[in-house]
Each structure stands twice: as structure tokens, then as C-alpha cells.
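Coordinate inspection notes
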Amino acid sequence: MTEDAVWQPLRDELSRWENAGRNIQFWLRDDDAVEPTDALERLLALSNNYAVPVLLAVIPSLTGRPLADRLKSEKLAAVATHGWSHQNHAGNGEKKQELGPHRALETVLAELEEGRRRIQDLFPEHALSILVPPWNRIDTSVLPHLHSLKFTALSVFGPPKHSQTQHIPVVNTHIDLMDWHGTRGCRDHAELVAEIVNEMRHRFEYGENMIGVLAHHLVHDASAWVFLTTLFETTVETGGCRWVSAQELI
Ligand SMILES: [Zn+2]
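The sections below set out a description of the structure shown in this document. (Residues numbered from 1 in each chain as written. Predicted model: local features only at pLDDT ≥ 70, side-chain atom pairs only at ≥ 80, totals over all residues. Heavy atoms only, no water.)

1. So, the overall build of the chain
Quick note on the threshold: Helix and strand definitions here come from DSSP, where helices need a minimum of 4 consecutive H or I residues and strands a minimum of 2 consecutive E residues; each element is numbered from the N-terminal end. C-alpha atoms define the radius of gyration in this analysis, and the globule rule sets the expected value at 2.2 Å times the number of residues to the power 0.38. Only protein chains enter the calculation, and the probe is 1.4 Å; a residue is then buried if its accessible area is under 20% of its type maximum, exposed if over 50%, and partly exposed in between. Note on contacts: a residue pair qualifies if any of its non-hydrogen atoms lie within 4.5 Å across the two residues. In this description, accessible areas are obtained by the Shrake-Rupley approach with a 1.4 Å probe, and a residue is regarded as covered only by the protein chains that are shown.
When its secondary structure is counted, the chain shows eight helices and eight strands. Computed over its C-alpha atoms, the radius of gyration of the chain comes to 18 Å, within 12% of the 18 Å expected for a compact globule of 250 residues. For the chain, the spread of C-alpha atoms along the principal axes amounts to about 50 × 40 × 35 Å. Burial statistics for the chain: of 250 residues in total, 51% are counted as buried. Taking the intrachain contacts of the chain between residues at least 6 apart in sequence as the baseline, contacts between residues at least 24 apart amount to 69%. About 11,400 Å² of surface is accessible on the chain, with carbon and sulfur atoms providing 48% of the total.

2. A short note on the environment of Gln 247
Turning to its location among the elements, Gln 247 is positioned in helix α8 (residues 246-249). By relative accessible area, Gln 247 is classed as exposed at 54%. When the C-alpha positions of Gln 247 and His 82 are compared, they lie 16 Å apart, and in sequence the two are 165 residues distant.

3. Observations concerning the pattern of salt bridges
Under the convention used in this document: Definition used for salt bridges: Asp or Glu carboxyl oxygen within 4 Å of a side-chain nitrogen of Lys or Arg.
According to the stated counting rule, one finds 13 salt bridges in the structure shown. Note that Glu 13 and Arg 201 form a salt bridge whose closest N and O atoms lie 3.6 Å from each other. Of this pair, Glu 13 sits in helix α1 (residues 3-19) while Arg 201 sits in helix α6 (residues 189-206), placing them 188 residues apart in sequence. The class for Glu 13 is buried, based on a relative accessible area of 4%. We note a salt bridge from Asp 31 to Arg 29, for which the minimum N-O separation is 2.8 Å. The same class applies to Asp 31 as to Arg 29, namely buried.

4. Focus on the pairing of strand β7 (residues 210-215)
It is a general feature of regular strands that their side chains alternate between the two faces of the sheet. Rule in force here: Two strands pair if DSSP finds at least two bridges between them.
Across the six residues of β7, six count as buried, placing the element largely inside the fold. Across the two faces of β7 the burial is the same, with Met 210, Gly 212 and Leu 214 and Ile 211, Val 213 and Ala 215 all buried. As defined by bridge partners, strand β1 (residues 24-33) adjoins β7 across six bridges and the pair is classed as parallel. Within the sheet, the bridge partner assigned to Gln 25 lies in β7 and is Met 210. Bridging between strand β6 (residues 175-176) and β7 involves two bridges; their strand directions are parallel. Of the residues in β7, the one forming a bridge with Asp 176 is Leu 214.

5. Remarks on the nonpolar core
Our working definition: Put simply, buried Ala, Val, Leu, Ile, Met, Phe, Trp, Tyr and Cys residues joined by side-chain atoms within 4.5 Å make one nonpolar core.
One finds Leu 10, Phe 26, Leu 28, Phe 123, Met 200, Phe 227 and Trp 243 to be the most contacted residues of the largest nonpolar core, which totals 47 residues. Among the elements that line this core, the one with the most residues is helix α7 (residues 222-236), at six residues. With residues up to four places along the chain from it excluded, the contact list for Trp 243 reads Phe 26, Trp 27, Leu 28, Val 52, Pro 53, Val 213, Leu 231, Phe 232, Thr 235 and Val 236. In terms of nonpolar packing, the next biggest core, distinct from the first, is built from 15 residues, Leu 112, Ile 138, Val 142 and Ile 168 among them.

6. So, the pairing of β1
Stated formally: With the strands aimed away from the viewer, a crossover counts as right-handed if its path from the first strand over the helix to the second runs clockwise.
Burial analysis of β1 places 10 of its 10 residues in the buried class, which makes it a mostly covered element. Pairing geometry for β1 and strand β8 (residues 241-243), over three bridges, is parallel. Opposite Gln 25, over in β8, you have Arg 242 as the bridge partner. In the sheet, β1 pairs with strand β2 (residues 54-58) via five bridges, with the strands oriented parallel. Counted as the bridge partner of Leu 28 is Val 54 from β2. On the question of chirality, the crossover connecting β1 to the parallel β2 by way of helix α2 (residues 38-49) is right-handed.

7. Details of the packing of aromatic side chains
Here is the rule: When two rings of Phe, Tyr or Trp (its six-membered ring) have centres within 6.5 Å they constitute a pair, described as stacked for plane angles under 30 degrees, edge-to-face for angles over 60, and tilted for the intermediate range.
As enumerated under the stated definition, the model contains five aromatic pairs in all. With centroids separated by 5.2 Å and ring planes inclined at 80°, the aromatic side chains of Phe 232 and Trp 243 adopt a geometry described as edge-to-face. Here the residue Phe 232 occupies a position in helix α7, and Trp 243 occupies one in strand β8, the gap between them amounting to 11 residues. Judged by relative accessible area, Phe 232 falls into the buried class, the value being 1%. Each residue in the set Phe 26, Tyr 50, Phe 232 and Trp 243 is aromatic and connected to the rest through ring pairs, giving one cluster.

Spelled out as C-alpha cells, the structure:
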């Protein structure tokens with residue numbers, strides 16, 4: 001299949017939205033930034049070229065002044081708190097978690113409080129009070145405390161869970177570019193396009209309109225960059241869609 005044919009289903013679905021006078025809203029989250037790198041430059045350049053806002057989930061304990069200085073001039077980037085140190089505390093054979101039930105709740109909450117404060121101090125112009133748990137996992141015991149830690153929203157992956165939304169607004173991502181358990185590169189483009197189209201059809205039917213795209217600039221291979229570029233190219237040229245900032249969503 002040519003790359004052009006791969007993207008046709010998305011073009012068709014976007015036309016359907018446009019013809020119906022509806023607007024699908026995409027948003028972009030990118031995880032694990034800690035410092036300026038070539039990959040980050042590439043991501044920021046793409047975001048600026050296509051006027052696509054990006055929420056950077058930054059790891060508080062590992063980041064510092066260089067990233068803060070680099071982002072100062074960026075108008076389309078915002079920063080969220082990505083846990084504390086992105087350390088796995090789960091046991092062997094368990095799904096990785098930093099904010100799981102493996103440690104005392106007070107320890108987890110103290111780290112999150114310090115993490116949010118550090119992000120706020122380093123990125124005063126860009127910080128949003130959104131918590132992005134490492135590996136998109138957070139124990140339910142932490143959730144009732146997020147408001148008192150001054151978080152105003154949570155962002156994980158997949159359909160929103162009632163156990164989370166009852167405590168805090170949730171702005172999730174739904175499309176993950178990377179094949180974590182296979183090649184560890186970008187997933188097959190046709191498969192990703194089909195997934196986006198499916199999510200769009202579901203939202204068309206249920207009167208919803210938000211889809212979150214999840215990227216990880218530090219591990220992108222060439223294919224991931226091509227996918228992101230083509231996604232932006234394909235979406236920004238139509239009237240049926242808009243890229244929105246995380247701020248607009250919360
Ligand atoms: Zn992460």
C-alpha cells in the first residue's frame with residue numbers, strides 16, 4: 001500500500017465530519033522530557049510548523065534550568081507533572097508503576113506535591129496543574145488527594161474510568177504511536193490510521209469530539225517522525241478538525 005493510500009481512510013473520515021459541520025478535536029501529549037535534545041528540537045519545530053500545541057509531560061526530579069530556559073520562548077508548549085522520578089516500584093512481572101500501592105501513600109503524595117511545585121517553579125509560564133502518571137498508571141488511593149495537592153486534571157491513556165473521573169477531571173490520550181512490546185519503534189501506519197478512524201467514528205456516533213495522541217520524542221524512530229508529520233499535514237488541511245491545547249480541554 002502506498003503511504004497515500006494508507007492515509008485515505010483518515011481523509012475520508014475528516015471529510016465526513018466536515019460535511020456534517022462537525023469538528024474533531026485532537027490534542028498532543030509527549031512524555032518524558034527532562035532536558036533540551038535534538039529530538040525535542042524536532043518535536044518543537046513540528047509543533048510550530050503546523051501550529052499544533054503540545055503538552056510536555058516533564059519528569060520533575062530529573063529536569064532543571066536548561067529545559068526551563070529552552071521553553072521560555074515557546075508559545076505552543078505547556079508542561080505537566082510526570083510523576084516524580086519515573087521510577088518503577090512494582091515487583092518483577094508486575095506492570096510498571098511509580099504511583100502504585102507499593103509504597104506508603106504519604107510517600108507518594110509527598111513526591112507528587114514536590115513534583116508539582118518544582119514544575120511550577122521551573123516553568124511558571126508553561127506549567128499546567130495536570131498530573132501525567134508514569135506508565136499511565138495511578139493507584140485509586142492517590143486519587144482523592146490530587147485536589148489538595150493542587151492538581152486540576154489527570155491525564156492517562158484510554159477511555160476515562162469512573163474511579164478516576166469521580167475525583168478529578170480527566171484528559172486522556174487514546175492513540176499511542178509506539179510499539180512498546182514489539183519493535184519498540186513506531187507502530188504500523190495503516191494500523192494507527194485505522195485506530196484513529198475508529199475512535200473518530202465512535203465519537204461521531206456518540207456526539208463526542210476529543211482524541212488524544214501520545215508521543216515520546218526521545219524514542220521516536222524515523223517512522224514515528226514521518227507518522228506525526230503526515231498526521232499533522234493531513235489534519236491541518238481540513239475544516240473537519242482542530243488541534244487544541246491541553247489548557248483548552250481542562
Ligand atoms: Zn513516561
